[in-house]
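# Architecture at a glance
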Amino acid sequence: MPVPAYIQVILPLRLEWEPYYSLPEGVKVEVGDRVRVLFARKEYVGAVSAVGVTPRTDENRILPILAVEEGLPRVLPDEIQFWRAVSDYYLCSMGEVYKAAYPALKTGQEEVEARNKERLETRLEHLKDKAEKARRDDTRERYKAEIETVEALLRGEAPVSVLAPVTLSPAQEIAARTARKALADGKTVLLHGVTGSGKTEIYLKLAQETLDQGRSVLFLVPEIALSRQLEDRIATVFPDVLVFHSGVSAARRSQVASCVRKPGQYLVLGTRSALFLPHHHLGLIIVDEEHDTSYKQDAPAPRYNARESAIMLGVIQKAQVVLGSATPSLESLYNAETGRFVKVDLKERFHSGDEAEIRIIDTVAERRKRGMTGSFSRKLIQEITDTLDGGGQVLVLRARRSYAPSVQCTECGKIPKCPHCHVPMSLHRGPDRLECHYCGHSEPYTGICPSCHGELQPLGAGTQKVEEELTNLFPERRIARLDGDTPDTEEAAIIRRFAAGDIDILVGTQIITKGFDFDGLSLVAVLQADSLVGQQDFRADERAFQLLEQFRGRSGRRGRPGRIVIQTREPEHPVYARLQGSDDADLLAERKLFGYPPYTRLIHITLKDSNEKRLDYLSKELRNALLAAFTEADTPPAVIGPYAPAVDRIAGESIRQLRVMLARNKALTALKRTLAQAVSTFGKERKYAAHLVVDVDPV
Ligand code: ADP
Ligand code: ZN
């Protein structure tokens, strides 16, 4: 009798092991094949992770597979190796990574069609439109040249993948040379270039060189909006660029996956999920705006950061990795300090203009002098007036969308809160409603207090209110708003109108800072900067600095000095000093002093439960379980908590957190595994696994 052949299969579930199956006689599979199997009486399509194995479970209980899914593409060994790396690092299951890499939707469609012609035609139309609207001769000429090339491509004359060669400025050339050398030594490069220094040109140059050597390129951006902008720029050099993010239709994404899977070369421009394409022969991975927290997936697992994961993928693919930012993450600065990365600086702007001037306005002092009108100081109003009179454009940042962040009863003082979360609800206009920004709960706004029937009054000003104030202050100006309430369909139009000079003042939340390159922008105003800094989280200041620095980069491009005006109640805050040129080293030193990341590794364990008593009890029990698991360790990690986070009830569930800080030494990997094991055992023994979330390197 032939011995049955056993295999292991990765299932799209939160399973900590890969279950065994047997193969019916005559059926052969290889690692990576997709198979249909039964698990807990349900059918799943999994990926074979091992063949010819000796099962460690009772052989009588092993089921045969139901079928081999011939129609589905085979998962490459490199992909499985990458999933393994992600699952080890982020303490999640292989199944969770598999699910992220092969969402159910993607498995359906497999037709391969490049649709090159259609894309080129769209591009041509777009270019003609741009050429017509161009305000400068040299820009128009550039578009015209490109139109000719695209037309030639459409006529089938030039089936090339590289159109215009990238020409670097001398400063960029020096940076590229340093980068090449470090990359050749196997180092990750951190390109630290001020906004407008032309990091994109350097990426493109390196990409071109990689493609010339016959290898592929993955270009990562943190957000879809950035991808849209870069797509045009990249397509002028590589018309065959494959775009991959959640804004692309599922059918198109599956086409991109098919194109990548084919033997040839490719260049993919995408958001973090593009890491999970079936990559092969990757020569270069670019991570633009590497500091951006959008690279981190918060939920569901894998809770991975694309920056760290890109490096893992780079190792597997033997690809070079370039991270770039005007405001590198402390994590990357630390890696540069320890020699793991090589930092390459690019200190001058391509269109050398002066750095934006910074002016800090103390709103407490202004209010005392009666210098405030609503959200605006008289000084800022003057700045805006001068800018507009001089023909410039203005961006106004207010970090909170809504009309008012909260409302309060004038009679009884009550502040209406979300029935499911411990947070005040924000007032939104048109139609008037109260909205919870945590769970999305929304109810009509009547202006009447639900408990005493007194009158409700808006507290503070969100973006909608700021827009209203600006309309009153500058009635003759064209004013628009861009925030989370802006429909997706209008977002691009607003950005285009602002770029074309058809809007004088643009108000918005953080989204208005993202990479936009506006010729006419000369003043950036930040209202209530305190809502960016001064939160309890030790990472808030780093993020506030990055945001403000990026914001500064948005103003005064093309040789015109810009201005950034910051209104704050706390003008002495160190974030502003750093903005005015104090050293990154100071921030690192502070982190070192307190033993915070990047000098340690941080892991958050979040517990959620609608039963608060049980939650409190089990949070403490979990802390004890962790301490017990760590007793043997030479450098036992610090376990902080359980504590209630700033918002401790969301969508009807109370929240507690444990914070574990691990030393960055040789024992780290083993200790992480111990932690994962302890959490998993706890989850099983207490039947509490569904309430626990482990997050490695939370942001
Ligand atoms: P960064 O990404 O560093 O903020 P960009 O890549 O957006 O900078 O470059 C800023 C501006 O300078 C862009 O308009 C870009 O087209 C232009 N630029 C930069 N380098 C070059 C170059 N080598 N040749 C032509 N234009 C360049
Ligand atoms: Zn809520």
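Residues numbered from 1 in each chain as written. Chains lettered and ligands numbered in written order. Predicted model: local features only at pLDDT ≥ 70, side-chain atom pairs only at ≥ 80, totals over all residues. Heavy atoms only, no water.

The number of helices and strands found in the protein chain is 20 helices and 30 strands. A compact globule built from 699 residues should have a C-alpha radius of gyration of about 27 Å, and the protein chain, at 27 Å, falls within 12% of that. When the backbone C-alpha atoms are referred to their principal axes, the protein chain occupies close to 95 × 75 × 50 Å. Buried residues in the protein chain amount to 53% of all 699 residues. Taking the contacts inside the protein chain whose residues are at least 6 apart along the sequence as the reference set, 72% of them involve residues at least 24 apart. Element-wise, carbon and sulfur atoms account for 50% of the exposed surface of the protein chain, whose accessible area totals about 32,300 Å². Taken together, the 96 basic and 96 acidic charged side chains of the protein chain have centroids lying 2 Å from each other. (Helix = DSSP H or I, 4+ residues; strand = E, 2+ residues; numbered from the N terminus. Rg over C-alpha atoms; globule rule 2.2 N^0.38 Å. Buried < 20%, exposed > 50% of the residue type's maximum accessible area, 1.4 Å probe, protein only. Contact = heavy atoms within 4.5 Å. Areas by Shrake-Rupley, 256 points an atom, 1.4 Å probe, with all protein chains shown as cover. Lys, Arg positive; Asp, Glu negative; His and termini not counted. Charge placed at Lys NZ, Arg CZ, Asp CG, Glu CD.)

Quick look at the coordination of the zinc ion (ligand 2) now. In this structure, Cys418 (SG), Cys421 (SG), Cys436 (SG) and Cys439 (SG) serve as the protein donors to the zinc ion (ligand 2), at separations of 2.2 to 2.4 Å. Classification of the site at the zinc ion (ligand 2) as tetrahedral follows from its 4 donor atoms and the range of 106 to 111 degrees in their angles at the metal. Along the chain, the residues donating to the zinc ion (ligand 2) are arranged with the sequence spacing C-x2-C-x14-C-x2-C. Note that Cys421 is positioned in the loop between β17 (406–409) and β18 (426–428) and Cys436 in the loop between β19 (433–435) and β20 (442–444), a separation of 15 residues in sequence. For Cys421, a relative accessible area of 2% puts it in the buried group. (Donors = N, O, S within 2.8 Å, 3.2 Å for Na, K, Ca; no water. Tetrahedral: all angles 85-135°; square planar, octahedral: opposite > 155°, others 65-115°.)

Before going further, it helps to spend a moment on helix α8 (residues 224–237). Helix length check: α8 (14 residues) gives 20 Å between terminal C-alpha atoms against 20 Å at 1.5 Å per residue, within 8%. Bending of α8 peaks at approximately 35 degrees at the position of Glu231. All of the buried residues along α8 are Leu226, Ser227, Leu230, Ile234, Ala235, Thr236 and Val237. (Expected span 1.5 Å × (residues − 1). Bend = angle between axes of the 7 residues up to and from the residue.)

Oppositely charged side chains may form a pair once their charged atoms are brought near each other. Evaluated as defined, the whole model comprises 41 salt bridges. Ionic pairing is found between Glu201 and Arg233, a salt bridge with its closest N-O pair at 2.7 Å. Residue Glu201 is found in helix α7 (residues 199–212), and its partner Arg233 is found in helix α8; the two are separated by 32 residues along the sequence. One salt bridge in this structure joins Glu542 and Arg591, with 3.1 Å as the shortest N-O distance. Separated by 49 residues along the polypeptide, Glu542 in helix α16 (residues 540–554) and Arg591 in helix α18 (residues 584–594) bring together distant segments of the chain. Each member of the pair, Glu542 as well as Arg591, carries the same accessibility label: buried. A single network of salt bridges, built from pairs that share partners, joins Glu331, Arg601, Arg664 and Asp697. (Salt bridge = Lys/Arg side-chain N within 4 Å of Asp/Glu carboxyl O.)

Quick look at the packing of helix α6 (residues 170–184) against α7 now. Relative orientation of the contacting elements α6 and α7 amounts to 50 degrees, with a least axis distance of 10 Å. Comparing their axes, α7 and α6 come out oblique. In the crossing of α6 with α7, the sense of the turn from one axis to the other is right-handed. Seen from α6, the contacting residues are Gln172, Ala175, Ala176, Arg180 and Leu183; seen from α7, they are Glu201, Ile202, Lys205, Leu206 and Glu209. Here the residues of the contact of α6 with α7 are counted per class, giving 5 nonpolar, 1 polar and 4 charged. (Axes fitted to C-alpha atoms, helices over the stretch in contact; angles between N-to-C directions. Parallel < 35°, antiparallel > 145°, perpendicular 65-115°, else oblique. Left-handed = near helix turned anticlockwise from the far one by under 90°. Nonpolar A, V, L, I, M, F, W, Y, C, P; charged D, E, K, R; others polar.)

This brings us to the nonpolar core. Formed by 79 residues in total, the largest nonpolar core has its most connected members in Trp83, Leu275, Leu626 and Leu675. Among residues more than four places away in sequence, those in contact with Leu275 are Phe82, Leu218, Leu220, Tyr304, Ala306, Ser309, Ala310 and Leu313. With 32 residues, the next largest nonpolar core counts Val166, Ala179, Val189 and Val322 among its residues. (Core = buried A, V, L, I, M, F, W, Y, C linked by side-chain atoms within 4.5 Å.)

So, about the sheet that holds strand β8 (residues 242–244). Spatially, the 7 strands line up as an open sheet ordered β8-β9-β7-β10-β11-β6-β12, and their pairing is parallel. At either margin of the open sheet sits one strand with a lone partner, and together these are β8 and β12 (341–346). Adjacent strand axes in the sheet meet at a mean angle of 20 degrees, parallel and antiparallel pairs treated alike. The pairing of strand β6 (residues 188–193) with strand β11 (residues 320–325) spans 4 bridges and is parallel. In the strand pairing of β11, Val189 is matched with Val322. (Pairing = 2+ DSSP bridges.)

On to unusual backbone geometry. Look at the link from Pro597 to Pro598: it is a cis peptide, with omega at 5 degrees. In this structure, Pro598 sits in the loop between α18 and β26 (600–609). A cis amide bond links Gly641 with the next residue in sequence, Pro642, at an omega value of 10 degrees. Here Pro642 shows up in strand β27 (residues 638–643). Of note in the backbone geometry, Glu289 takes a positive phi value of approximately 50 degrees without being a glycine. Looking at Glu289, the relative accessible area reads 12%, which means it is buried. In this model, Arg370 sits at a positive phi of 60 degrees, which is unusual for a non-glycine residue. Examined against the element boundaries, Arg370 turns out to sit in the loop between α12 (363–368) and β14 (372–373). The exposure class assigned to Arg370 is exposed, which follows from its relative accessible area of 68%.

Let us now look at the environment of Val241. With respect to the helices, strands and loops of the structure, Val241 is situated in the loop between α8 and β8. The spacing of Val241 and Leu267 is 26 residues in sequence and 5.3 Å in space, taken between C-alpha atoms. Ignoring any residue separated from it by four or fewer positions in sequence, one finds Val241 in contact with Arg119, Ile234, Ala235, Leu267 and Leu269.

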